[in-house]
Amino acid sequence: MSKPPTANWERVGDKFYRRLPIYTDVFDAELELEDYAIAGAPYSGAVALRRDETKLYAVRNPQASKPTIDIYSCAGKLIRQINCDKDVLAGLGWSEDETLLVVTNNGGVRQYADLQSDFRPFSLGHGAEEHGVKACKFWSTGFVALLGNNELIAVTNYEEPRPQLLASAPKGAVISWAVIPPEYTSSRSVEVLLAIGDTVYVVDAAECEDRGLQAGPFRHISVSPNGRFVALYTDDGKVWVIGSDFQERYSEYQSRVKTPPRDLQWCGNNAVALAWEDEVHLVGPDGAANKFDDYRSFVHLVPDIDGIRILTSEACEFVQKVPDSTGEVFRFGSRSPAAVLLDAIAQLEEKSPKADDNIQMIRPNLDEAVDVCVKAAGQEYSIHWQKQLLKAASFGKSILDLYNSDDFVEMTEVLRVLNAVRFFKVGLPLTYEQYVRLTPERLVQRLVNRQEYLLALKISEYLHLPVDRIYVHWARQKVRSSSGDESAMCEEIVNKLKGTRGISFEEIARTAFDEGRGTLATELLAHEPRAGKQVPLLLNVGEGSLALDRAIESGDTDLIFYVLLHLKKKLPLSSFFRAINSRPVATAIIEASAVDQDQEMLKDLYYQDDRRLDGANLLMSEALSASEISPAIDKMKSAVKLLRDSKEFTQQATAIEDAQKLLRIQETFERDLNESYIGLSVDQTISKLMKTGNMKRSQRVQTEFKVNDKTFAWIRLKALVSRRDWRELEETAKARKNPIAWESYFNEILGAGNPKVASAFIPKCTTLTVAERIEMWVKCGMVVKAGEEALKAKDRAALEELRLKASGQGMLDIDRMIAQLQKGR
């Protein structure tokens, strides 16, 4: 039968604390813990051991003489061994997510995530290398380093470490020190407590303040997990517990030991543990204490949020204040409803009628009793007592008419998980409170870091958590540790991970690449569905063409452009063009970007692809944007040369040569006439020459560029009208023939406001009808002339209509014409 839970209880004043023996035969008998410094991760995490180099020890094994950091589980199972040759370590600590922090005396910091040998480094700076790091104090999300000149450097975020120099501390030997994390200070900045001389100084980012104590020197300082209390060990063997604001002293304890303890740590938030070599004093409220002096080997204290782990070579114990629910159920002589309910289940197992008497006794408080039994079950390490308490709770809730069983069901799930991870081969002796604070997701990650993949999968499936990270970690570890055929390994990994949602083959492939296994990395990347993850690593492993194909398949233009930029930097230009030549999408993106950013490369691309017309167009574009004539003509010459090599573009080459010729002529005109001509077309050039009276030059341009007579006549007409050269237009009206219709002259001149000159062209419009010529005469205001036109055509109706438009003498002339037409009949 299991021992009663009270067998491990120890009274400290009016409170009870329990010493739970978690594991036995923890460390190898040859491992002398007194020669090691120990740092334990929070939430019953791993323990890092580092040999104290200041102590002499016998070397039994040459391999063992090499300096290492050994990482063990709480059950003494070696998880990892990290080499630290030539490094003088100044600090060793853990983050909340079980990342190991190693600080060297020259200010270097290494972060070992997931308990692997790979690390992420950064430097403290701020003179750390010059003055050296003496010691470090860690909390869940940061640490403070104490330098040799008493300067303090704080790092408050491990994800983005930005070392910050705190306010200057006084000179003098620092006897002991501690930190209060930022979340527990009013300033929201980390505060450092320094015991210097007979007092304690509080240093934060802005100032250093003397708390005015006079009972020092203080050999130890420790801050409670909730940041509310500070424990001080004086030189005369006393322990003070005061508020972290140094305003009130709560208790005092006289150890009556002349030798100062090796360590002082908080046991939860309500007791302080003092450790000598093989003896521990537990000091509770009001100065009450209890001594644990039955240890047979050296003792190390590892504090946690709700208690303290005591490590020796033989055992790992957990000491904590007895939880309220546990005390209510198991306290000797307790008649609480929960205690009675537990007794009822014992009576029921013995088939005693007293079970019903117990139930009836606590019937009004039965629901409260069930709740307390459920909570007490979560606090127990003994599986026997977990079952008994849950049986009692189940029995009690079966009698109740209404009871919400959610807490009961959840507790049974949690206990199954806790019992599995507490098993000595795993070595994670979490309490219920630690489990809640840690969260199931982070617990699974800790199992993965220990390569407990099967257990991590079973817990994840049991709690309905995602499993993709477990499989990815397994695959990465397999890549690191295996050395077989790469194709077979890829097939095994793919088959194992097939059908699992959220798998990132890119992470696994990157691990293979980091291990120097490029072929395996490429094969694994073929199974990565996300191009954005796949492409960058393909580039790293030298598979540029494959990366470009994957980017094009994704349809992401930004990703394609990223690959093209990478290939352009890495490959010779000719190889780069060959790579994109067979990929129209890539070519189009290069063209679109090069138009504005790199036209020289675009010319090379067109030349490489024998795209003569595109190359010539690019040269013409540069010629048009040139600020001077000479470079523009040179660009045109290059374009002509490019096109003349192919009979296909003869017409385009001729057009560019004409443009060259026009530029030269325009340059001459600008020089001789002091007018701007460059940039005008042939027609515009002729027009401007005519408008400025340079008819002979305009005719030269006509001849030079073979402008047909009809076009030239139109340009001349518009130019003469524009300059109001009516005399020249009247002379034109005397000509017998003209390349363009005479009515065009009439319309242009009339539109310019000169009906008299316009009328001179009406008689020449012989191809028009009589009605159209009559209308033209009317537009010029010559009604009588219009009547004469109607009279010739013997159109009485037109004459009658014109009579309505006439007045005065004009009306008489129309009447005469009408009479003449009638007489003729």
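Residues numbered from 1 in each chain as written. Predicted model: local features only at pLDDT ≥ 70, side-chain atom pairs only at ≥ 80, totals over all residues. Heavy atoms only, no water.

- You'll find the protein chain entered in an unreviewed UniProt entry as Probable vacuolar protein sorting-associated protein 16 homolog, with Dissoconium aciculare CBS 342.82 given as the organism.
- The annotation that UniProt attaches to the protein chain under Sequence similarities (unreviewed entry) is "Belongs to the VPS16 family."
- The record held by UniProt for the protein chain lists under Function (unreviewed entry) the comment "Essential for vacuolar protein sorting. Required for vacuole biogenesis, stability and to maintain vacuole morphology." (UniProt positions renumbered as here; feature names shortened; annotations may be inferred.)

### Points about the overall build of the protein chain
At step 1: Secondary structure summary: the protein chain contains 33 helices and 29 strands in total.
At step 2: Buried positions account for 50% of the 825 residues belonging to the protein chain.
At step 3: The contacts in the protein chain between residues at least 6 apart in sequence include a share of 47% that link residues at least 24 apart.
At step 4: Put simply, the protein chain shows about 41,000 Å² of open surface, and 47% of that area lies on carbon and sulfur atoms. (Helix = DSSP H or I, 4+ residues; strand = E, 2+ residues; numbered from the N terminus. Buried < 20%, exposed > 50% of the residue type's maximum accessible area, 1.4 Å probe, protein only. Contact = heavy atoms within 4.5 Å. Areas by Shrake-Rupley, 256 points an atom, 1.4 Å probe, with all protein chains shown as cover.)

### Some points on the sheet that holds strand S14 (residues 164-165)
At step 1: The strand order across the open sheet formed by four strands is S11-S12-S13-S14, and the pairing between neighbours is antiparallel. Each of the sheet's edge strands pairs with one partner strand only, and the pair in question is strand S11 (133-139) and S14.
At step 2: Inspection of the sheet shows strand S13 (residues 152-155) paired to S14 by two bridges, in the antiparallel sense. Residue pairing for S14: Ile153 is matched across the bridge by Leu165. (Pairing = 2+ DSSP bridges.)

### Description of the side chain of Asn150
At step 1: Mapping Asn150 onto the fold places it in the loop between strand S12 (142-147) and S13.
At step 2: From its side chain, Asn150 meets the backbone oxygen of Pro170 in a polar contact 2.9 Å long.
At step 3: The contacts of Asn150, once residues within four sequence positions are left out, are Ala169, Pro170, Lys171, Gly172, Val174 and Ile196. (Polar contact = N/O pair within 3.5 Å; in protein donor to acceptor, adjacent residues only side chain to side chain.)

### Brief notes about the sheet that holds strand S19 (residues 218-223)
At step 1: Reading across from one edge, S19-S20-S21-S22 is the order of the four strands in this open sheet, with antiparallel pairing throughout. For this open sheet the edge positions go to S19 and strand S22 (249-254), each flanked by a neighbour on one side alone. Pairwise comparison of adjacent strand axes, ignoring direction, gives a mean angle of 15 degrees for this sheet.
At step 2: Pairing between S19 and strand S20 (residues 229-234): five bridges, direction antiparallel. Bridge pairing links His220 to Tyr233 in S20. (Axes fitted to C-alpha atoms, helices over the stretch in contact; angles between N-to-C directions.)

### Remarks on the pattern of salt bridges
A pair can form between side chains of opposite charge whenever their charged atoms are brought close.
At step 1: What the rule picks out here adds up to 22 salt bridges.
At step 2: Across the pair Arg19 and Asp294 runs a salt bridge, and its minimum N-O distance is 3.2 Å. Of the two residues, Arg19 is situated in strand S2 (residues 15-24) and Asp294 in the loop between strand S26 (289-292) and strand S27 (300-304); the sequence distance between them amounts to 275 residues.
At step 3: Accessibility expressed as a relative area gives 10% for Arg19, which makes it buried.
At step 4: Salt-bridge contacts for Glu98 lead to Arg450; the nearest nitrogen and oxygen are separated by 2.7 Å. In this pair, Glu98 is assigned in the loop between strand S7 (89-94) and strand S8 (100-104) and Arg450 in the loop between helix H9 (440-449) and helix H10 (453-462), connecting sequence segments 352 residues apart. Neither Glu98 nor Arg450 differs from the other in exposure class; each is buried.
At step 5: If you follow the salt bridges from partner to partner, you end up with Arg19, Asp294 and Glu317 in one network. (Salt bridge = Lys/Arg side-chain N within 4 Å of Asp/Glu carboxyl O.)

### What about the packing of aromatic side chains?
At step 1: Taken as a whole, this structure holds 13 aromatic pairs when the rule is applied.
At step 2: Ring pairs connect the aromatic residues Phe138, Phe143 and Tyr158, which therefore count as one cluster.
At step 3: Positioned above the aromatic ring of Phe119 is the side chain of Arg110, whose terminal nitrogen or guanidinium carbon lies 5.3 Å from the ring centre.
At step 4: Directly above the ring of Trp742 sits Lys764, whose terminal nitrogen or CZ lies 4.7 Å from the centroid. (Phe/Tyr/Trp six-rings, centres within 6.5 Å; stacked < 30°, edge-to-face > 60°. Lys NZ or Arg CZ within 6 Å of the ring centre and 35° of its normal.)

### Considerations on unusual backbone geometry
At step 1: Unusually for a residue other than glycine, Arg256 sits at a positive phi of about 60 degrees.
At step 2: In this fold, Arg256 is placed in the loop between S22 and strand S23 (263-267).
At step 3: Overall, Arg256 belongs to the exposed group, its relative accessible area being 72%.

### Quick word on the pairing of strand S16 (residues 191-196)
At step 1: Counting buried positions along S16 gives six out of six residues, so the element sits mostly inside the fold.
At step 2: Residues Glu191, Leu193 and Ala195 point to one face of S16 and Val192, Leu194 and Ile196 to the other, with burial holding for every one of them.
At step 3: Strand direction decides the pairing type here: strand S15 (residues 174-180) and S16, joined by six bridges, are antiparallel. Bridge pairing links Ser176 to Ala195 in S16.
At step 4: Here S16 pairs with strand S17 (residues 199-203) via five bridges, running antiparallel. In the sheet register, Ala195 faces S17, and the bridge partner there is Val200.
At step 5: What sits between S16 and S17 in their antiparallel hairpin is a turn of two residues, with Gly197 showing a positive phi close to 65 degrees.

### A few points about helix H26 (residues 709-723)
Along an α-helix, a turn takes 3.6 residues, which lines up residues three or four apart on a common side.
At step 1: For H26, spanning 15 residues, the distance from its first C-alpha to its last is 21 Å, which sits close to the expected 21 Å at 1.5 Å a residue.
At step 2: Listing the buried residues of H26 in full gives Phe712, Ala713, Ile715, Arg716, Leu717, Ala719, Leu720 and Val721.
At step 3: Buried positions along H26 lie against helix H24 (682-691), helix H25 (695-704), helix H27 (726-733) and helix H28 (742-751).
At step 4: In the stretch just after H26, Arg724 is the one whose phi turns positive, near 60 degrees. (Expected span 1.5 Å × (residues − 1).)

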